[in-house]
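Letter by letter, the chains look like this.
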Amino acid sequence: MKVAVIGCTHAGTASILNVAKLYPDAKITVYERNDTISFLSCGIALYVGGVIKDPNGLFYSSPEELKKLGVTTKMSHDVLDVNTDEKKLKVRNLKTNEEFEDKFDKLIITTGSWPIVPNIEGIDLDNILLSKNFYHSNTIIEKAKTAKNIVVVGAGYIGVELVEAFEMNKKNVTLIDSQDRILSKYLDKEYTDTAENAFLDHSVKLALGETVNRFEGKDGKVSKVITSKGEYEADLVILCIGFKPNTKLFENQIELLDNGAIIVDEYMRTSKEDIYAAGDCCAIIYNPTGKHGYIPLATNAVRMGTLVARNLVKPTTKYMGTQGTSGIKIYEYNIASTGLNENYAKELGIDISTVTVEDNYRPEFMPTYNLAKLKVVYEKKSRIILGAQIISKTDLTQCINTISVCIQNKMTIDELAFIDFFFQPHFNKPWNLLNLAGLSAE
Ligand SMILES: Cc1cc2nc3c(=O)[nH]c(=O)nc-3n(C[C@H](O)[C@H](O)[C@H](O)COP(=O)(O)OP(=O)(O)OC[C@H]3O[C@@H](n4cnc5c(N)ncnc54)[C@H](O)[C@@H]3O)c2cc1C
């Protein structure tokens, strides 16, 4: 069996490692246009902030390691064209410019995503950067050395993490977003208010509810960002306004969502036989709504990549969908969320109720304790749990993984009240916060 893989970051690496393990006779070739594989982009902000000193720690596999498994890794090779009917690829070696064809029996598409770049005046000025791969992170670090005023556009988790990293390195930082709250996709206002105040306490400028209209430059370099409401000095701009799936090669060949995300079934099969896909290039079933969504996360990518391997010859293991569970640390606050927040659920027209509990996470007789705030969103009629958010100065983010399991299994808020959780004064109270949420629901 000849297996071709396009792209070798999380989804690609996961699928290759598992295909090699499950089918030792498979002849696997992976094409990757970069000259690195398995880059952990989740480490970019920590690398930029100086917390990660050795960039080698940002990679967890290598062509040498894959070679030991019998895999041929073609680095700096760009796949230019794919014919899914004739099962053929056209590839360019980016070092020699040589072009050649390859054939496959099975194709695994793990081409991932690319940052959205808005088509606005001044976008081509120098020092307007993206934050996705290893090269981007090195450029950001290099340019940030001499930058005084840094503007981050986009207050999702990638932008927010970078803002903190720049501020810790004593830069003047402005965060711009057209939404009137940071992290508005993940958290409700009472949570984002706390996070925003943490930024304001560190003198970060928040320009929320403002749309970037254009960039101005001096000597070819960005110098100002002009928004719908103001203008901000900038010698470095990082664009973090979202991602789009990298699927141009497959237009008119396999079924895609409107945004270009590949539609796969629960076995990671695309609409064409023997063509599989995984990771950021795909749409995924979002369990709180039961519909396809575009939720580019490393967690989804490694799971889907692994499932491609398990299902490559025969459908065996179904994907269970996702809740889009994610966590973030903003200064001293540990924050996590899963599924729908109240705001988003209402936007979708879902009739929901919410319950919020605020309590010290462990008994007050302990030498220290911190407040925790947990909010659970559930469907009003069925009382099925649809989402949750937590914030505390103590790391209680694992609570949110527990709620993710509840959503996955369609549990109700009433069941949450009486689930067995341990109690020990170091860690919690006799009534676990999650139980309390269930007990407090109307
Ligand atoms: C700054 C940042 C922080 C993040 N933090 C987190 C986090 O904390 N937690 C989390 O779960 N997720 C996080 N993510 C998201 C996570 O990184 C992505 O979901 C993940 O990288 C997706 O993996 P992938 O393999 O599907 O795609 P990608 O990482 O996009 O990789 C696709 C690969 O395919 C290659 N490729 C594409 N087209 C071709 C072609 N035609 N020929 C050859 N090669 C090609 C690309 O070069 C690339 O290496 C973060 C992302 C960023 C940018």
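Rules behind the numbers
Residues numbered from 1 in each chain as written. Predicted model: local features only at pLDDT ≥ 70, side-chain atom pairs only at ≥ 80, totals over all residues. Heavy atoms only, no water. Phe/Tyr/Trp six-rings, centres within 6.5 Å; stacked < 30°, edge-to-face > 60°. Helix = DSSP H or I, 4+ residues; strand = E, 2+ residues; numbered from the N terminus. Buried < 20%, exposed > 50% of the residue type's maximum accessible area, 1.4 Å probe, protein only. Core = buried A, V, L, I, M, F, W, Y, C linked by side-chain atoms within 4.5 Å. Contact = heavy atoms within 4.5 Å. Pairing = 2+ DSSP bridges. Right-handed = clockwise from strand over helix to strand, strands pointing away.

Visitor: Help me out: how do you make sense of the packing of aromatic side chains in this one?
Guide: Centre-to-centre distance and the angle between the planes together describe a pair of aromatic rings. Scanning all chains against the criterion turns up 10 aromatic pairs. Their ring planes at 50° and their centres at 6.3 Å tell us that Tyr31 and Phe100 sit as a pair that is tilted. With Tyr31 in strand S2 (residues 27–32) and Phe100 in strand S6 (residues 99–103), the pair connects residues that are 69 residues apart, well separated along the chain. Assessed through its relative accessible area of 2%, Tyr31 is described here as buried. Between Phe39 and Phe59 the ring centres are 5.5 Å apart and the planes differ by 45°, which places this aromatic pair in the tilted class. Residue Phe39 is located in the loop between S2 and helix H2 (44–48), and its partner Phe59 is located in the loop between H2 and helix H3 (63–68); the two are separated by 20 residues in the primary sequence. Aromatic ring contacts, followed pair by pair, group Phe39, Tyr47, Phe59, Phe134 and Tyr135 into a single cluster.

Visitor: Looking at this model, I keep getting lost on the nonpolar core. Mind explaining?
Guide: Within soluble globular proteins, side chains that are nonpolar generally end up buried alongside one another. Core analysis: the biggest nonpolar cluster contains 45 residues, and Val19, Ile28, Leu89, Leu107, Ile109 and Ile262 have the highest contact counts within it. Put simply, the parts of the chain that give this core at least two residues each are strand S1 (2–6), helix H1 (10–22), S2, strand S4 (77–83), strand S5 (88–93), strand S7 (106–109), strand S18 (275–277) and helix H7 (298–311). Top element by residues in this core is H7. It accounts for five residues. Contacts of Leu107, omitting those with residues within four sequence positions, involve Ala4, Ile6, Val82, Leu89, Phe250, Asp274, Ile275 and Tyr276.

Visitor: Looking at this model, I keep getting lost on the pairing of S1. Mind explaining?
Guide: Here is the key point about a regular strand: its side chains alternate between the two faces of the sheet. The buried count for S1 comes to four of five residues, which makes it a mostly enclosed element. Judged from the five bridges that link them, S1 and S2 form a sheet pairing that is parallel. Residue pairing across strands places Lys2 opposite Lys27, the latter belonging to S2. Following the backbone out of S1, through H1 and into the adjacent parallel S2, one traces a crossover that is right-handed. Alignment of S1 against S7, held across four bridges, turns out to be parallel.

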